[in-house]
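# Descriptive structure summary
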Amino acid sequence: MSIFFLTPLLMIILITVSSFASEEEDALLGLKSGIVDRSNSLRDWTKVNQTDNGSSSICIWSGITCLTDTHNNSVVIGLDLSQRNLSGSISGKYINILSNLVLLNLSHNSFTGELPAEIFTTLANLTVLDISRNSFDGHFPTVPSNAQKKNQLSILDAFSNSFSGPLPDQQLSKLEFLKVLNLAGSYFEGPIPASYGSFKNLEFLHLAGNLLDGEIPPELGSLKTLTHIEIGYNSYMQGSIPPEFGSMTQLQYLDIAGANISGSIPSTFCNLRHLESLFLFRNHLTGSIPSCFGNISSLKNLDLSDNSITGPIPDTFAKLINLRLLSLMYNQMNSSIPRGIENLPNLEALLIWNNLFTGSLPLNLGMNSKLKWVDVSNNNLHGNIPAGICYNRALSRLILFSNSFTGELSTLTNCSSLVRLRIENNSFSGDIFALKLSLRYGATYVDLSQNNFTGGIPENLMAEAPKIEYFNVSYNPGLGGIIPSHIWSLPSLANFSASFCNISGDLPQPTPNFQCSSSISTVELSGNKLSGDLPESIASCEALNILDLSHNKLSGSIPDQFGSSSSLALLNISFNQLSGSVPRSNNFIFTDASAFIGNPDLCGAPLKPCNGALAALSLSARRKSVKRRISLICFGVVLLVAASICLLLYLVWHQKVLWKMISFTGLPEFTAKDILRSINSTYVNVNDFSTATVEPPLLSSSSLNICKVVLPTGITVSVKKIGWESRRRRVISEFINLLGNVRHKNLVRLLGFCSNKSCGYLLFDYYLPSENLSANIVRLSKARDTATTTSTTNSRWAVKYKIIMGIARGLCYLHNDCHPPIPHGDLKATNILFDEGNMEEPHLADFGVKAILRMLNNGTTNSVSSTVDDLIESASIKEEMYRDICSFGEIILEILRNGKPINAGGSITPSNPTAGESFLREVLDENDEVKVGTSEESEIKLVLEVALLCTSSKPSNRPTMDEALKLLLSGV
């Protein structure tokens, strides 16, 4: 009986537990209903009865962790759905029921939509929240003030999502137990809240890779428990690094790279005695490195590259015994390299290229550490390569080009670990046999050009080089010797260059024993003393794309096989002793007469017709006798004229091929030869470019020739070609330099400029041809989650609005922040580009191009005294700016109409409200997801009003771009 009377109470408890378990089960199944599970990883989430031991069945579901008490009652405390290829959205209604969650991990999936606020209002026991690597969007939820003290959250990881708006502010900073805060890799805007300096237990802070601006708050220096902070890759105002950062005494990792900061490096950093990694590269820092940095003995990685730092490397760096990486490249540092660097036992990478360093490398560099990478190129260094540079056989990259180094390569005899060796443009001498071990064991890239090497290219040096891809010994005039026969058969060799090396003998040819490799694509052997016939078997090299044998002593005819080669695109055999006819072929797509001139007995297109040549060879003896008589009379005159013509041609040719390369911010310091070789190797349209050493025709069209080019380091760029008359070069070059210094996130960067007296190549960031506004605007309008966009909001209109604002900011920068102002000149939908798969951040292309074309095609620059200011400040340029504003308004209308033609025409004006209201209704119909009475409808009205103002028929009634941008921002 007693048991019977206890049963009702027990039943109440069981019913309560059972009821709650049922609610959790329903909540999880509700969550599942909103999830797209392509891999069926949640197939065991099905509604079934309790398990045999009485516990809830949900506890054995995938990703579920339960806590079971002594009475075998279970509650869900962990939900881990990470890395399951899931998408869809997460409903706050169901999260609200899972109130006992301690861990919620949704990372490495493709969830979209807003993050439920219930996570912070209901889950008081939650200690770990990981939603990283998803596509959650919208504003980040606010932590309610009443939930702060009871909230147990320790880890908040939201890395790599699509959140927008400001960073979550004060309430978040009052989470007492928070140790990890990762909000990096989204689209957060505005400044870092000063309240972020009040976290009590924060150890890890990551805010990099957003759109943050403002100044870096000094309050962050109050984070006494912080060990790791990354706040770079944002666009802060050009303020300095707060000296208060030196108070974060527990800091081990500090990264403020690519953040637009300026000023000097705070000396208070010397107080960071636990600091292991400091990354401040790609900023605008000035001044010298504080000498007290040598006291940070814990420092392992120091990267201050791509700034404007001056002064020497402090001698105190000799005390940095844990230093592994020292990167100071792309600065203006000078003086000699401290000897103490050679004693750093853990140094692996010394990267100081593109500075003003002098003196020699430390004598024992490499003796005391496992040095892996040394790059000191483009300095003023001299002396020999240190004898122990490869002592520990770890060195893989040795980059010394463009200095004044001397001596022989014997110090590299034991460098079996070398993968990349670049020592071009120095004064090294002796033979190159010392590289045999490096080539045998895996060197892939060797450039020895522009030195004083002798002794030829040993046959067995190249025979055992299984991995060599690039080998260049050009411009070593005393090298001599012959061409190794193995160049055609090395399995990985793609580029072999040995021009102007005084090499003699016959040109080796592929044989049955040495078949042509499938990798060899470029062979450059011009300016030598090669003789004999042109081997026909070379034409069988299926990958051979460029063959330059000009300025040699080759004889015989051009084999017909060269005309039928399926791969040979550029052939230069000019200035040899070849005879006969040029094979008829459409394969020489980049080859014109310049590739065959200098061979007196060669005929056929593109040279003189062969019929005339054969007739000349079959003249009668009477004609020959007459020629002999008159030759005695004319010989002196002909000789004088010929000499004069040769001198003139040489001077003209020399001016035309004298190339100059300028790299702007964002492009490594390539040589002109690097650029020209890349262009010759990768362009694909014969109408785009002529060969690098021949003057192209002057442009008369309304656009520039363009192609995609891959540079030596793998960087892909768009290249536009322009041609000019020599008298116009100076002022056009000045204007191009002005364009090269323009930097804004909504403008396509001009990266470099390679030119000679008659033409130039402009190098821009590369964007896929299909990733422009014209090609994508219609697709954007069709669906909210189109494949071509990575929307940071739920609204298509929000994406359109962001595109309009980006265009406005880029154009406003050109008009108002550049001095002198730069009109775009050709603003249209096809010139508005996007990164692949991301339509939210537009980049304006071809700005300033129309001004260049105007300089080319009219007489503005005929006077050598013309200046860029004269051209920019002219009345025609101001008219171009008015046209830019009109074009901007037209693009807005195009976006509003989803790419449809604008039918309203000039009837839509502020003074014609009827037409304007009608057009507004059309626009709202085209953006039907925008609801009446919402803020989005107000934005559309404002944007339309700005568009109508910008397209006013009277230019004086149009706003300036600064005014237009302010109008657009007034609605934010």
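Residues numbered from 1 in each chain as written. Predicted model: local features only at pLDDT ≥ 70, side-chain atom pairs only at ≥ 80, totals over all residues. Heavy atoms only, no water.

### Side note on the pairing of strand β27 (residues 380-383)
Under the convention used in this document: Buried means the residue's accessible area, taken with a 1.4 Å probe over protein chains only, is under 20% of the maximum for its type, while exposed means over 50%, and partly exposed covers the values in between. Helix and strand assignments follow DSSP, with helices taken as H or I runs no shorter than four residues and strands as E runs no shorter than two, numbered in order from the N terminus. When DSSP finds at least two bridges between two strands, those strands are taken to pair.
Burial along β27 is one-sided: the residues Leu381 and Gly383 are buried and none of Asn380 and His382 is. Bridge count between strand β25 (residues 356-359) and β27: two bridges; the pairing is parallel. Residue threonine 358 lies in a different strand from β27, and its bridge partner there is asparagine 380. As paired strands, β27 and strand β29 (residues 404-405) are joined by two bridges and run parallel to one another. Of the residues in β29, the one forming a bridge with glycine 383 is phenylalanine 405.

### Points about helix α10 (residues 729-740)
Rules: To estimate how far a helix should reach, multiply one less than its number of residues by 1.5 Å.
With 12 residues, α10 extends 16 Å between its outermost C-alpha atoms, agreeing within 8% with the 16 Å of an ideal straight helix rising 1.5 Å per residue. Taken together, the buried positions of α10 are occupied by Val731, Ile732, Ser733, Phe735, Ile736, Leu738, Leu739 and Gly740.

### Thoughts on the pattern of salt bridges
Counted only if it meets this: Criterion for a salt bridge: a side-chain nitrogen of Lys or Arg within 4 Å of a carboxyl oxygen of Asp or Glu.
Evaluated as defined, the whole model comprises 13 salt bridges. Its salt-bridge partner being arginine 677, residue aspartate 674 comes within 3.9 Å of it at the nearest N-O pair. Residue aspartate 674 and its partner arginine 677 are located together in helix α9 (residues 672-682), separated by three residues, close to a single helical turn. Summarising the burial analysis for this pair, aspartate 674 and arginine 677 share the class buried. Glutamate 880 is paired through a salt bridge with lysine 850; the nearest N and O atoms lie 3.7 Å apart. Of this pair, glutamate 880 sits in helix α15 (residues 875-896) while lysine 850 sits in helix α13 (residues 849-857), placing them 30 residues apart in sequence.

### Structural notes on helix α12 (residues 796-817)
Between its terminal C-alpha atoms α12 stretches 31 Å, which fits the 32 Å expected from 22 residues at 1.5 Å a residue. Here α12 lies mainly inside the structure; 18 of its 22 residues are buried.

### Considerations on the state of the cysteines
To be explicit about the condition: To count as a disulfide, a pair of cysteine sulfur atoms needs to be within 2.5 Å.
Under the counting rule described, the total for this entry stands at five disulfides. Covalent S-S linkage joins cysteine 516 and cysteine 541, the inter-sulfur distance amounting to 1.8 Å. Handedness of the cysteine 516-cysteine 541 disulfide follows from its S-S torsion of about 95°: it is right-handed. Of the two residues, cysteine 516 sits in the loop between β36 (504-506) and β37 (522-524) while cysteine 541 sits in the loop between β38 (529-533) and β39 (546-548), which places them 25 residues apart along the sequence. A single burial state applies to cysteine 516 and to cysteine 541, both of which are buried. In this model cysteine 603 forms its disulfide with cysteine 610; the gap between the sulfur atoms is 2.1 Å. Looking down the S-S bond of the cysteine 603 and cysteine 610 bridge, the torsion is 95°, so its handedness is right-handed. We note that cysteine 759 lacks a disulfide partner, and the nearest cysteine sulfur, in cysteine 754, lies 8.3 Å from it. Judged by relative accessible area, cysteine 759 falls into the buried class, the value being 2%.

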